[in-house]
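# Observations on chain architecture
Below, each chain spelled out in residue letters.
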Amino acid sequence: MSIVVVGAVFVDIKGFPDGIYDPAGRNAGRVVTVHGGVGRNVAEDIANVELRPTFVSMVDDTPSGADVIKKLQNHKVNTDYVLTRPDGMGLWLAVFDNTGDLAGSISKRPDLDALKELLDEKGDEIFCKADSIVLEVDMDKDIVKRILRYAEKYHVKVFGVVSNMAIASQRRDFFQSIDCFVCNVLEAGILFVSDFSSLTPEQLSVELQERITKANIPSMVVTLGERGAVYAQRGGERGYYPSESVLVRDTSGAGDAFCAGVAIGLTYGKDLRDAVRIGTHLAASVIMVSENTCPRFLPSELGLDIQIQE
């Protein structure tokens, strides 16, 4: 049994300036290429807590695609359900300023149509023994519908993430079937057509609970960057969890690690606040490095009593 992650693979091309970033000028610096994509990052983050997730996705038929699979396998991610197809991976071009914050980006989404056939043929095999599912909600709606049907069939909890909130917000009915949805405050504003920037974390946690109750969403966690995160359950707990103070090098991938931590916690017996604590710690570990994923942790370091699978 394992956490099943369903999402896209991207190749991230990231630029970092040597000095103060000038958005209107030419900036000397360094450019690095790393494996990315929300789903791919989450799968590797879960594996780096010595768990053994199963990844359902696609890569393209190039050496880069083969490298993605090889790296995931080295981290002990089950890649049996990663298809190889032309245009199976996306590209993300990003520029960061001298503080490590994202200054601008452009992305090219992959073609994931082949996943529909995979899910039709092997969905029962993939999900019948899943501990939980982490799902990119902004994938093709027919893919999302299939996964939610399997989750209902096998009574498996679903945790939602997003790479493009503008797409996901058009599918508000899906969120009613997701046990916990994790996003940042800007994405929450798109979902609820509101500007939450003037609210304190305490005020936002109250507002968030009211919003998810009206929208019939089971629970949500909203990250606030350096201010931490708020969380709320429909008819249950709500609250605020502060961020960890660390030296910021690169913020990309922090949200994915946060989601991985929340999903791990909720899958293996933690309440929502404790799951947010785990997500906060994994996110802090990511922003200190230039990689998109967290370093390796033992489950016991995160307060988890989970037997490590060999």
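It should be noted that the structure appears before, not after, this text.
Okay, so let's go over this structure. (Residues numbered from 1 in each chain as written. Predicted model: local features only at pLDDT ≥ 70, side-chain atom pairs only at ≥ 80, totals over all residues. Heavy atoms only, no water.)

## A few points about the layout of surface pockets
The gaps left among the atoms become clear once a water-sized probe is rolled over them. Note the following rule: Here a cavity denotes grid points, spaced 1 Å and computed from the protein atoms alone, that fit a 1.4 Å probe unable to get out, and a pocket denotes an open set having protein on both sides within 12 Å along at least 5 of 7 lines; residues with an atom within 4 Å of a point are the lining. Grid points are joined across faces, edges and corners, and a volume is the space filled by probe spheres set on the points. Charged residues are taken to be Asp, Glu, Lys and Arg, nonpolar residues to be Ala, Val, Leu, Ile, Met, Phe, Trp, Tyr, Cys and Pro, and polar residues to be all remaining types, Gly included.
Estimated volume of the second largest pocket: approximately 160 Å³. Along its surface, the second largest pocket is lined by K157, F159, D179, P218, S219, Q233, E237, L266, K270, D271 and L272. By residue class, the composition of the lining of the second largest pocket is four nonpolar, two polar and five charged.

## Focus on the side chain of Q209
Our working rule: Note on conventions: DSSP H or I runs of at least 4 residues are helices, E runs of at least 2 residues are strands, and numbering of each starts at the N terminus. Accessibility here uses a 1.4 Å probe with only protein chains present; expressed as a share of the type maximum, an area under 20% marks a residue as buried, one over 50% as exposed, and anything in between as partly exposed. A contact between two residues is defined here by any heavy atoms of the two lying within 4.5 Å.
With respect to the secondary-structure elements, Q209 resides in helix α7 (residues 201-215). Taking relative accessible area as the criterion, Q209 reaches 11% and is therefore assigned buried. Apart from the residues lying within four places of it in its own chain, the contact partners of Q209 are A232, Q233, G235, G236, E237 and R238.

## Quick word on the packing of aromatic side chains
We apply this condition: Aromatic pairing here means that ring centres of Phe, Tyr or Trp (its six-membered ring) are within 6.5 Å. Orientation follows from the plane angle: under 30 degrees is stacked, over 60 is edge-to-face, and everything else is tilted. Cation placement over rings: the criterion is NZ of Lys or CZ of Arg within 6 Å of the ring centroid and within 35° of the ring normal.
Here the structure, examined in full by the defined rule, presents four aromatic pairs. With a centroid separation of 6.5 Å and 80 degrees between ring planes, the pair formed by W92 and F96 is classed as edge-to-face. By the burial criterion, W92 is buried, and F96 matches it. Measuring from centroid to centroid gives 4.6 Å for F175 and F181, while their planes differ by 75 degrees, and the two rings are edge-to-face. The pair F175 / F181 is uniform in exposure class, with both members buried. Taken together, the aromatic side chains of F16, W92 and F96 make up a single cluster linked through ring pairs. Sitting above the plane of the F16 ring, R30 keeps its charged end 4.4 Å from the centroid.

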